[in-house]
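Listed below, chain by chain, are the residues.
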Amino acid sequence: MRACEIDRFYSPGQCLRWYAAIPARVSCRRFQGELTTEMLTALNYTAARVCLPGVRIVLAECGESLFVRVPVFGGISGAKRCACIFVKKQQPHAMTLAGISGEAFVLEAQSMNVATCWVSGTYRRKLVPVEPEEDEKLAALIALGTAAPESPGTKRRRKALADICLSPPADWPHWAYQAAEAVRQAPSAVNLQPWRLNYSHEVLRLLCKRPDSLDAGIAMLHAEAAVSPQDRHWEWGEGSCTAHLLVTEKKQAAD
Ligand SMILES: Cc1cc2nc3c(=O)[nH]c(=O)nc-3n(C[C@H](O)[C@H](O)[C@H](O)COP(=O)(O)O)c2cc1C
């Protein structure tokens, strides 16, 4: 098993904030106005702090035409800022690390009441405001700003927990159930929710259709936020398994 970069990278304080931000966060598709200088400073600070090895998040001004209007989603309007997530091309687990770091950024933004939308497909490549370094690729953009008042309060559509768990989560220890529930609430490309979770012998396994993907990383960050108070350990998985999360259950039982 290979050690995973997320292990002990984020502080319990960060994880607590992000866990609290999960239920309220929805994708924003209508932005309005500008972020204050204080908010931009805080977001730049966050961008510098949340990046795992090989990942770089850069905030930039952008024009509305950066985002392509798609009939199903209705496009993104009024966004004046975006975060560009770059990752080193040679970095193992590049897209997963980008997903973890990007979702940490999204949830920190949510905790400051800054609205966000992940965008990995529907943008115009030529209008991306920041160039990657030679050894980097652009993993995704995140549109960010203040939600317009008329922004529809999108109701999150999510699968039932039973549909993403390979055995009944009611039989799992509480930490594993909480982690699975946090994964269930995570955003994903085209809302596909391509995760499966399985628990046995103190280990929660996260399986993903594309094991190295933004969606896989986003799910890992949600699980990390949910279990951070526990004595935990992450390892990369193999095949369709993205990662293993081990929690020492004796300590959990004493809680
Ligand atoms: C990795 C990722 C990529 C995404 N790419 C796009 C995109 O290219 N265009 C878009 O309009 N929305 C995109 N989204 C937003 C999803 O459609 C949205 O998160 C999903 O429908 C769930 O909605 P919610 O975040 O409001 O719960 C993306 C989301 C994720 C997590």
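These lines cover the structure that appears in this document, whether it is placed above or below. (Residues numbered from 1 in each chain as written. Predicted model: local features only at pLDDT ≥ 70, side-chain atom pairs only at ≥ 80, totals over all residues.)

1. Overview of the overall build of the protein
To keep things clear, this is the line we draw: Runs of E in the DSSP output that reach at least two residues are strands. Runs of H or I that reach at least four are helices, and both are numbered from the N terminus. As a reference, a globule follows 2.2 Å times the number of residues to the power 0.38, and the radius of gyration itself is taken over C-alpha atoms. Neighbour density around each residue's C-beta defines its exposure: 20 or more other C-beta atoms within 10 Å make it buried, 12 or fewer make it exposed, and counts between make it partly exposed, where C-beta atoms are placed from the backbone. Two residues qualify as being in contact provided that their C-beta atoms, derived from the backbone, are within 7 Å of each other.
The secondary structure content of the protein amounts to seven helices and nine strands. In terms of C-alpha radius of gyration, the protein reaches 18 Å, essentially the compact-globule figure of 18 Å for 255 residues. The dimensions of the protein, computed from C-alpha atoms along their principal axes, are 50 × 40 × 35 Å. Classification of the 255 residues of the protein by burial places 44% in the buried group. Residue pairs in contact within the protein that sit at least 24 positions apart in sequence constitute 76% of those at least 6 positions apart.

2. As for the sheet that holds strand β1 (residues 2-3)
The cut-off we apply is this: For two strands to be treated as a pair, DSSP must find at least two bridges joining them. Working convention: axes come from line fits to C-alpha atoms, limited for helices to the stretch in contact. Angles between N-to-C directions cover 0 to 180 degrees.
Taken together, the five strands give an open sheet; going across it, the order is β1-β8-β9-β7-β6, and neighbouring strands pair in antiparallel fashion. Of all strands in the sheet, those bounded by a partner on one side alone are β1 and β6 (195-200). Against the sheet, helix α5 (residues 174-184) engages β6, β7 (203-208) and β9 (241-247), with an angle of about 180° to β6.

3. Brief notes about helix α6 (residues 214-227)
Just so we agree on the cut-off: To estimate the expected span of a helix, subtract one from its residue number and multiply by 1.5 Å.
With 14 residues, α6 ought to run about 20 Å at 1.5 Å a step, and its terminal C-alpha atoms sit 20 Å apart, in line with that. Burial runs high along α6: 14 of the 14 residues are buried.

4. Considering the site of the ligand
Heads up, the condition is: Any residue whose C-beta atom, as set from the backbone, lies within 6 Å of a molecule or strand is reported as near that molecule or strand. Residues are grouped as follows: Ala, Val, Leu, Ile, Met, Phe, Trp, Tyr, Cys and Pro are nonpolar; Asp, Glu, Lys and Arg are charged; every other residue, Gly included, is polar. Where a domain begins and ends is set by an automatic assignment or by a domain database.
Taken together, the neighbourhood of the ligand is formed by 21 residues, with Ser 27, Trp 118, Gly 121, Pro 187 and Asn 191 sitting nearest. Residues belonging to the shell around the ligand are distributed by class as follows: twelve nonpolar, seven polar and two charged. In terms of domain composition, the shell around the ligand takes at least three residues from each of domain 1 (27-145) and domain 2 (161-254).

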